[in-house]
Amino acid sequence: MFELFKRVKTVVSAELNDFIDKAEDPEKMVDQFLREMEKDIHEAEKTTAKMIAEEKLLSLKVDEAKSLIAKREDQAIDALKTENEDLARRALEDKARVKKELEQLQALHEDTARTAEELKEKLLEMKSEYREMELKRTSLKARANSAKAKSALNRSFSTINSDGSKKGFERMEEKILRLEAEAELTEEQKAFQQSLDSEFEKLRNKTGIDLELEQLKEKIQQPKE
């Protein structure tokens, strides 16, 4: 009955290190052990309850045998008082028979009581180990979640820092620089064209007086003969 319990106790005592290292899923491993321990504990509870009930029944039979022995002795005395020796003898013979049964019942009762105590102690030990296993499961789940989170973070960090990712970012940066340079050049060309157009516009907008003033300026600048 207690074979699984012994195996689980060994696992708990070893701090589950081997099983954590070897198991594909430590959480499932511990959950499975807990389910099997629950079954073992349930069976142990039923067996212990039966043994306790048997011990109580034997205790009652021992008390009944003792009472019957005392009763047969009283009956033998009463028979002798009435000078009925044959009846007294029969009462004493039955008393002797019950005494033998009492010896057997007492021995059986002692064995049963001892077994019941051992089963109760073992049951308490199993429940204690079960609680310890539950704590181990909580610890394992926390450790597993932490390990999974670290693993996911490391994978993300590895992807970000991979050569492919770096090169991709570098190409993107180069493309953005080219677009910025092209935009800046386009703005410069646009400004130049606007300035040129503005000069020609001014030229077209000159009045006759402006032209005459220009001619006078040229005339003044010419050397005298």
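Note that the structure is a prediction, hence the values are computed from the model and not measured.

Turning next to unusual backbone geometry. Peptide bonds are, in most cases, trans, and in most cases residues other than glycine have a negative phi. The backbone of Glu83 shows a phi angle near 60 degrees, a positive value even though the residue is not glycine. In this fold, Glu83 is placed in the loop between α3 (26–81) and α4 (85–160). A relative accessible area of 73% places Glu83 in the exposed class.

For the coordinates displayed, the defined rule picks out 11 salt bridges. One salt bridge in this structure joins Glu43 and Lys46, with 3.4 Å as the shortest N-O distance. Residue Glu43 and its partner Lys46 are located together in helix α3, separated by 3 residues, close to a single helical turn. We classify Glu43 as partly exposed; its relative accessible area is 37%. A salt bridge links Lys95 to Glu73; the nearest nitrogen and oxygen atoms lie 2.7 Å apart. Pair noted here: Lys95 is in helix α4 and Glu73 is in helix α3, with a separation of 22 residues, a long-range link. On the basis of relative accessibility, which here comes to 36%, the residue Glu73 falls in the partly exposed class.

On the surface, Ile209, Leu213 and Leu216 cluster together into a nonpolar patch covering about 300 Å² of accessible area. Structurally, Ile209 is set in helix α6 (residues 208–221). Relative accessible area serves as the criterion here: at 61%, Ile209 is assigned to the exposed category.

Calculation criteria
Residues numbered from 1 in each chain as written. Predicted model: local features only at pLDDT ≥ 70, side-chain atom pairs only at ≥ 80, totals over all residues. Heavy atoms only, no water. Helix = DSSP H or I, 4+ residues; strand = E, 2+ residues; numbered from the N terminus. Buried < 20%, exposed > 50% of the residue type's maximum accessible area, 1.4 Å probe, protein only. Salt bridge = Lys/Arg side-chain N within 4 Å of Asp/Glu carboxyl O. Patch = residues over 30% accessible without salt bridge, like charges linked within 9 Å, V, L, I, M, F, W, Y side chains within 5 Å. Areas by Shrake-Rupley, 256 points an atom, 1.4 Å probe, with all protein chains shown as cover.

That's the geometry; what it means functionally is another story.
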